[in-house]
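# Structural features, examined
Next come the chains, spelled out residue by residue.
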Amino acid sequence: MTGRLQTRPAARGYVKAASLADVRAAGCKVVHVDGHTIALFARGEKVHAVDNRCPHMGFPLSKGTISDCILTCHWHHARFDLSSGGTFDPWADDVRVFRVDLRGDEVWVDVTWAGDSTTHQHDRVRDGLQRNIPLVLAKAVIKLTDDSDDPAALLRAGLDFGSRYRWEGWGQGLTILTCMSNLLGYLAEEDRPRALYQGLAAVAMECHGQPPRFELRPLPETTADAATLKVWFRQFVEVRDADGAERCIITALRLGADSAQMADMIFAAATDHRYIQTGHVLDFANKAFEALDAAGWECAAGALGSLAHGLATAQRMEESNTWRHPVDLVSILNSAFQRLGPITDPASAAGGPRPSPEELLIVLHGDDPEAIAETLLEALGAGWTPQALAGTVAYAAALRIARFHTSNEFADWDTALHTFSFANAVHQGMRRAPSVELLRGVFDAAMSVYLDRFLNVPAARVPQGSERCGEPEQLLTSLRPLLDQQQQVNEAGETVAGYLAAGGDPQRLLAMLGTLLLREDRDFHTIQTVEAAMRQYGSLRSTPRGPHVLIAAARYLAAHSPTVRAQGQTFQIAQRLHRGERIYEDR
C-alpha cells in the first residue's frame, strides 16, 4: 500500500507522511515525501521510518521481514537494527533512518540529514578496504566525488591501507591506485570516480587475507648523515636484509630527507643490479614517489618503507640465463658502467660525433648489444642529457608494442610491456632525481629492448593514418564498438592513427582510451601500458613520435579486450543507487 503526500515541512524538516491509523492497519506503509521513498513500520506504540531502498542494492525493504526489531532484506538477507538503521552485515551499509514525530493521528518524519555524510562515506571507504567489498567502495567514492571531495583524500586512504596491511609491502594494488590517480587529469569527468574506485578496489583485493606489515622505528639518536644512510641502505639490499633497509629509509625520513634525496637513495639500490624483477621494483618505487606527489609527503614513511621488501627479495638478472647466454649482457653493461662517471661530467662532454635520435633508435632496435652500449656512451659523451637518453629508450620500448605482431604468443605482450613500463619509470625517475646510478637503468632498459627484438620478427607495420579515413568524431566513436570484439589489435592502432592524422583533438582521444580501459575488468599490465603511454605522450605530443605511443597503448588494450566487465556492473549499480533510482521497486 503506497501513498504520495507532498506536504511541505512544518518545522525543522518535518513533513507529514501518513495517518497513524493507516500505518498501524497495514503494518508497513510506503510513502513518497520530498523525493524520499520511506517505509513506515508500526511496532507497538512506535513507528519507525527507514529509507525503503536497501543500501546494498536497492531492493525494497518494505518487502522484508522484522523479527525482534531486526529488519531483514529478502534479496541478499542483509539485516538492520530497525531503530538505528545500523547493519549487522558490513557489506550492506547502514540504512538511513528518519526521525518520527506522532502528532495525534498523523505521522511526521524529519527528512533532514542528521549526521556528517562526508565522515560516514570515508568510514565506508575504510570498511570497503578492510573487508574487500567493491560495492561499498564504489558507493562511497561516487558520493564523495559528487560532493567535490578532494581526490587526494581517497588516494591517502588507499595508500595508508595498502602500505600497512600487506606484509610484502608495495605491490600491484598500490601501483594500480597510483596509475588511476595519474590518469585523472586525462579522463572525462564522469570517469574519474570509476578510476578511483578501481584503484581502491585493487588495493583491497591485494591486501585481503594478507598479514599486516608492522613499520619499524628509526634508529635512536643516530649520528649518521644522509650519505651514510644511503651506503648502509644499499648494503642491506645487497645482502637481502629487508629490515635493515627499511630502518634506513625510516631513519632518513626522520632526519628530514626530502623527496629528491629519498629518490636518489632508493633508485640507486634499485639499479645496483640488472633489471630486477623484470623491472617491477623500479616501477613500483617510481609510483610510490608519484603517489606522494599527490597524497602529500606526510605519507612517505608508510609508502617508502613498504618498498624495502621488494627491493631486497627481487630476482636479479645476473641470476638469469637470458641475460648471460648466449651473450653475456651483464659483462657488457658492467664494462660500460665503468665509463659512466667521466662521461656524465659536463666538463668532459661534447667530444665525439653526436648521434641523431633516428640513428640511436636504429641501434637500439638492432641485434648488437655491444653496439647499443657503446652508442649510449657516445651519445652521453657528445652532450645528450640523461633525461633525453632515457626518453628515447622509452620510446624504443613503446615501438616494440606498436610493432608487436599478433603471430606471437599472447603472453609475450607482457614481455614487451615489462620493458616499456620499466623504461618509463627510468625516464620519470631521471626527471625527479637524475644520477649516475639511475643512469644504469637506461642501459638496462636498452638491453631489455634488445632482448625483445624477436617480438618484432616479423614486425607489424606502424599505421600512418591513411588506413582509417573519415571524420575524427566518427573515428573516435568507432573505437568503442571495435573493442567490444576480440582480435581487433591492428584495427585499433589504425583507428588511433587515422584520428590523429585527421586532426582529431588528442585530449579527447586520451579520454576515450581511459574510458575503454576503465570499462574492462582489472588487468594490471594493461593499466600500466595505458598510463605509461599517456605519460610518454606528454613528452612527445608535439613530435611525429607522439602518435606511436598511443598506437601502442590502443593495440595493447585491444589485445586484452573485451573482458567480463564485472567491475563495471558493480560501479553501475552504485551509480544507480546514488542517483536514487528505484531499481527494484514496483512502479
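Residues numbered from 1 in each chain as written. Predicted model: local features only at pLDDT ≥ 70, side-chain atom pairs only at ≥ 80, totals over all residues. Heavy atoms only, no water.

Within the protein chain, the regular secondary structure consists of 25 helices and 10 strands. Dimensions of the protein chain, computed from the C-alpha atoms along their principal axes, are close to 95 × 70 × 40 Å. Per-residue burial over the protein chain gives 56% buried out of 587 residues. Residue pairs in contact within the protein chain that sit at least 24 positions apart in sequence constitute 71% of those at least 6 positions apart. Charge-centre separation for the protein chain: the mean point of 58 positive side chains lies 5 Å from the mean point of 71 negative side chains. (Helix = DSSP H or I, 4+ residues; strand = E, 2+ residues; numbered from the N terminus. Buried < 20%, exposed > 50% of the residue type's maximum accessible area, 1.4 Å probe, protein only. Contact = heavy atoms within 4.5 Å. Lys, Arg positive; Asp, Glu negative; His and termini not counted. Charge placed at Lys NZ, Arg CZ, Asp CG, Glu CD.)

For the rest of this paragraph, the subject is the pairing of strand β3 (residues 28-33). Counting buried residues along β3, six of its six residues qualify, which places the element largely inside the surrounding structure. Burial along β3 is two-sided: Cys28, Val30 and His32 and Lys29, Val31 and Val33, pointing in opposite directions, are all buried. Counting the residues in the hairpin turn of β3 and strand β4 (residues 36-43) gives two residues, including Asp34, whose phi is positive at 50°. (Pairing = 2+ DSSP bridges.)

Here the focus is the pairing of strand β10 (residues 106-110). Among the five residues that make up β10, four are buried, leaving the element largely enclosed by the rest of the structure. Remark: two residues form the turn of the hairpin made by strand β9 (residues 97-103) and β10, two consecutive strands paired antiparallel; Gly104 in that turn has positive phi of roughly 65°.

Here the focus is the sheet that holds strand β7 (residues 70-72). Taking strand neighbours across the sheet as the criterion, the three strands line up as β6-β7-β8 in an open arrangement whose pairing is antiparallel. Looking at the sheet topology across the chains shown, the edges are occupied by β6 (65-67) and β8 (79-81). Neighbour to neighbour, the strand axes of the sheet diverge by 30° on average, direction disregarded. By the bridge criterion, three bridges tie β7 to β8 in an arrangement that is antiparallel. Across the sheet, residue Leu71 finds its bridge partner in β8, namely Phe80. (Axes fitted to C-alpha atoms, helices over the stretch in contact; angles between N-to-C directions.)

Positionally, Asn456 belongs in the loop between α19 (436-451) and α20 (472-482). A relative accessible area of 10% places Asn456 in the buried class. For Asn456, the side chain forms a polar contact with the side chain of Arg400, separated by 2.9 Å. Non-local contacts of Asn456, meaning those with residues more than four positions away in its chain, are made with Leu399, Arg400, Arg403 and Phe404. (Polar contact = N/O pair within 3.5 Å; in protein donor to acceptor, adjacent residues only side chain to side chain.)

The tally for this structure, following the rule as stated, stands at 10 aromatic pairs. Their ring planes at 35° and their centres at 4.7 Å tell us that Phe161 and Tyr165 sit as a pair that is tilted. Judged by relative accessible area, Tyr165 falls into the partly exposed class, the value being 36%. Seen from their ring centres, Phe404 and Trp413 are 4.0 Å apart, and the 25° between their planes marks the pair as stacked. Take Trp413: its relative accessible area is 3%, and that puts it in the buried class. Taken together through their ring pairs, the aromatic side chains of Tyr275, Trp323 and Phe422 make up a single cluster. Lying across the ring of Tyr14, Arg103 places its NZ or CZ 5.5 Å from the centre. (Phe/Tyr/Trp six-rings, centres within 6.5 Å; stacked < 30°, edge-to-face > 60°. Lys NZ or Arg CZ within 6 Å of the ring centre and 35° of its normal.)

Turning our eyes to something else, we now look at the packing of helix α3 (residues 134-146) against helix α25 (residues 566-578). Two elements in contact, α3 and α25, have axes separated by 9 Å at closest approach and are oriented at 50°. On the basis of the axis angle, α3 is oblique to α25. Viewed along their axes, α3 and α25 form a crossing whose handedness is right-handed. Taken together, the residues of α25 that come into contact with α3 (itself represented by Pro134, Leu135, Ala138, Lys139, Ile142, Lys143 and Asp146) are Thr570, Phe571, Ile573, Ala574, Gln575, Leu577 and His578. Among the residues forming the contact of α3 with α25, the class breakdown is eight nonpolar, three polar and three charged. (Parallel < 35°, antiparallel > 145°, perpendicular 65-115°, else oblique. Left-handed = near helix turned anticlockwise from the far one by under 90°. Nonpolar A, V, L, I, M, F, W, Y, C, P; charged D, E, K, R; others polar.)

Ranked by size, the top nonpolar core spans 162 residues in total, and within it Phe233, Leu304 and Phe443 carry the most contacts. Apart from residues lying up to four places away in sequence, Leu304 is in contact with Ile249, Leu253, Met262, Ile266, Ala288, Phe289, Leu292 and Trp297. Formed by 16 residues, the second largest nonpolar core is a distinct cluster that contains Ala18, Val33, Val107 and Val111. (Core = buried A, V, L, I, M, F, W, Y, C linked by side-chain atoms within 4.5 Å.)

This next bit is on helix α4 (residues 151-164). With 14 residues, α4 extends 20 Å from end C-alpha to end C-alpha; this agrees with the ideal 20 Å at 1.5 Å per step. Buried within α4 are the following residues: Ala152, Ala153, Leu154, Leu155, Gly158, Leu159, Phe161, Gly162 and Ser163. Check the buried side of α4 and you find it contacts α2 (117-131), α3, α5 (172-183), α6 (192-207), α10 (280-295) and α11 (300-305). A distance of 3.0 Å separates the backbone nitrogen of Ala152 from a side-chain oxygen at the start of α4, and that oxygen is part of Asp150. (Expected span 1.5 Å × (residues − 1).)

With that out of the way, let us pick up the pattern of salt bridges. On inspection of all chains with the given rule, the structure shows 36 salt bridges. In this structure, Glu290 and Arg535 form a salt bridge, with 3.4 Å as the shortest nitrogen-oxygen distance. Of this pair, Glu290 sits in helix α10 while Arg535 sits in helix α23 (residues 524-540); the two residues are 245 residues apart in sequence, bridging distant segments of the chain. Judged by its relative accessible area of 5%, Glu290 falls in the buried class. With relative accessibility at 22%, the residue Arg535 sits in the partly exposed group. A salt bridge links Glu520 to Arg565, with the shortest nitrogen-to-oxygen separation between them at 2.8 Å. With Glu520 in the loop between α22 (506-518) and α23 and Arg565 in the loop between α24 (546-559) and α25, this residue pair connects regions lying 45 residues apart in the sequence. Under the relative-accessibility criterion, Glu520 is labelled buried at 4%. Among the charged side chains, a network of salt bridges with common partners joins Lys230, Arg234, Asp264, Asp272, Glu437 and Arg440. (Salt bridge = Lys/Arg side-chain N within 4 Å of Asp/Glu carboxyl O.)

Tracing the sequence through the fold places Asn408 in the loop between α17 (386-402) and α18 (412-432). Here the alpha-carbon distance between Asn408 and Asp127, two residues 281 residues apart in the chain, equals 43 Å. A polar contact is formed between the side chain of Asn408 and the backbone oxygen of Leu455, at a distance of 2.9 Å.

Residues of the protein chain with pLDDT of at least 70 account for 95%, and the chain-wide mean is 93. Low pLDDT, under 50, characterises residues 1-10; the stretch is placed with 28 contacts to residues that sit more than four places away or in other chains. (pLDDT = per-residue confidence, 0-100.)

On to unusual backbone geometry, then. Cis rather than trans, the peptide bond between Val457 and Pro458 has omega equal to 0°. Along the polypeptide, Pro458 turns up in the loop between α19 and α20. Of note, the amide linkage connecting Ser561 to Pro562 takes the cis form, showing an omega dihedral of -10°. One non-glycine residue, Cys69, lies in the positive phi region at around 65°. In this structure Cys69 comes out as partly exposed when scored by relative accessible area, which is 30%. One non-glycine residue, Gln487, lies in the positive phi region at around 60°. Examined against the element boundaries, Gln487 turns out to sit in the loop between α20 and α21 (489-501).

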